[in-house]
Amino acid sequence: MDCIQLVIHSMIGSVLAFELSVPSYITTLGAFMGATWMLMVTTTVLLTIHRLVWTIWPMYAKKILSPRASKALLVGLATFYLLFLIWNLTPYSALVFNKKYMAWYYDPAYPMAWICSTMDTISNYATGIVTTLIYAVIFGFLFRRRANWRKNREVRVTLLVFCFCAYQIVCFVIWEFIFPMLENKLYLSCINLVLWVIWNGASALLYMIFSVSFRRDLMNMIRSIGWDRGEQKCNRVIPIAAIQNLPKAAA
C-alpha cells in the first residue's frame, strides 16, 4: 500500500513538472490513492488488533483468528478496495488534485463525496488514536513480562511500531486540528504532502534502524565489496592468456 501511494505521489510530481491538465488521468490517480489509503488504514487497524490478540491471549488466538476467518477477511478487504476504487470513478464521488495548492481533496461538487471525506477523517482518528492506544497496551504488557527487554525481538518490534504510532499522532494533530485553523497556503500544502510521503516511507526506515539482522547483513555486504576500507576487490576471473603463460609443472 505504501509503495502504491509513493508511486502515485511521483506521478503527480510529473503532472506538476510538465504542467499537464488531464482531468481523467488525475481522477483515476485519485481513485487509486483514496482506495489505497483506506485499505492501508483498515489493514493497519486489523493488524494491530491481531497483534494484540496474539500477544495477550495466545492460547485463544488460533480459535479467534482461524484460517477460514483469515481467508474471509482477505476477500472482504479486496472487495472493499475494489468498491471504494470504483465508487471514486463514478459521477458520485472523486478525489481530485488541486495544482494551485498542491493538495488532494474530495470534490464537494460530487453529490456523495462527503461520504468518502467523512471516512477519510475517521481514518485519521483510527490510525492516530486507536492504533497508538493498542500498541501502548501491547508494549506495556511486554515490558512488564520481559525483564531483559533490550534483547527481546518481540519488544523491539513493538517499540518500532510504537515509534511509528508517535509519528501518526503528530500527523493526526496537524491534519485534524492545526491545518483547519490556518488559512490555506501553498507552503502548508507542501508540508501536508511531505508528511504524507514520510508516512508511506517511515515504516521501512524504522525497520532498517531497529532491525539488527538488517544492519548486520548490510555491513557484511559493504565489507564484501571493500567499501568500508576504500579497497577495490581484485577480479576473481584469471585471463586465459595468463594461465597459458604459467610454467608447466615438472613431470
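Note that the coordinates shown come from a computational prediction; the quantities given were computed from them, not determined experimentally.

**Looking at the confidence of the model for the chain**
Confidence in the prediction of the chain, expressed as mean pLDDT, is 75, and 69% of residues score 70 or more. The least confident element of the chain is helix 9 (residues 240-244), whose mean pLDDT is 47; the most confident is helix 4 (residues 67-87), at 90. Taken as a whole, residues 227-240 scores under 50 in pLDDT and shows ten contacts with residues more than four places along the chain or in a different chain.

**Quick notes on the UniProt feature "transmembrane region" (unreviewed entry) in the chain**
Per the UniProt record, "transmembrane region" (unreviewed entry) is found at residues 7-26, 38-60, 72-90, 122-143, 155-178 and 193-214. Secondary structure over residues 72-90 splits into 84% helix and 0% strand, and the C-alpha atoms at its two ends are 27 Å apart. Helix makes up 100% of residues 122-143 and strand 0%, and the two end C-alpha atoms of the span are 30 Å apart.

**Overview of the nonpolar core**
Residues W37, W104, W175 and W199 are the most contacted members of the largest nonpolar core, which totals 34 residues. Listed by contribution, the elements that provide at least two residues to this core are helix 2 (23-56), helix 4, strand 1 (95-98), strand 2 (103-106), helix 5 (113-145), helix 6 (153-181) and helix 7 (186-210). No other element matches the eleven residues that helix 2 contributes to this core. I134, Y135, I138 and L160 belong to the second-largest nonpolar core, a separate cluster that totals eight residues.

**Looking at helix 4**
Look at helix 4: 30 Å from first C-alpha to last across 21 residues, which is about the 30 Å you get at 1.5 Å a residue. By the burial criterion, the buried members of helix 4 are L77, Y81, F84 and L85. Viewed along the axis of helix 4, the buried residues span an arc of 100 degrees, placing them on a single side of the element. Helix 4 presents R68, K71, A72, V75 and L83 as exposed residues on the side facing more than 90 degrees away from its buried surface.

**Some details on the packing of aromatic side chains**
In the structure shown here, the tally under the stated rule is six aromatic pairs. With a centroid separation of 5.9 Å and 45 degrees between ring planes, the pair formed by F80 and F84 is classed as tilted. Residue F80 and its partner F84 are located together in helix 4, separated by four residues, close to a single helical turn. Exposure remark for F80: the relative accessible area of 26% places this residue in the partly exposed category. When its relative accessible area of 6% is taken as the criterion, F84 is described as buried.

Conventions adopted
Residues numbered from 1 in each chain as written. Predicted model: local features only at pLDDT ≥ 70, side-chain atom pairs only at ≥ 80, totals over all residues. Heavy atoms only, no water. pLDDT = per-residue confidence, 0-100. Helix = DSSP H or I, 4+ residues; strand = E, 2+ residues; numbered from the N terminus. Contact = heavy atoms within 4.5 Å. UniProt positions renumbered as here; feature names shortened; annotations may be inferred. Core = buried A, V, L, I, M, F, W, Y, C linked by side-chain atoms within 4.5 Å. Buried < 20%, exposed > 50% of the residue type's maximum accessible area, 1.4 Å probe, protein only. Expected span 1.5 Å × (residues − 1). Arc of directions from axis to C-beta. Phe/Tyr/Trp six-rings, centres within 6.5 Å; stacked < 30°, edge-to-face > 60°.

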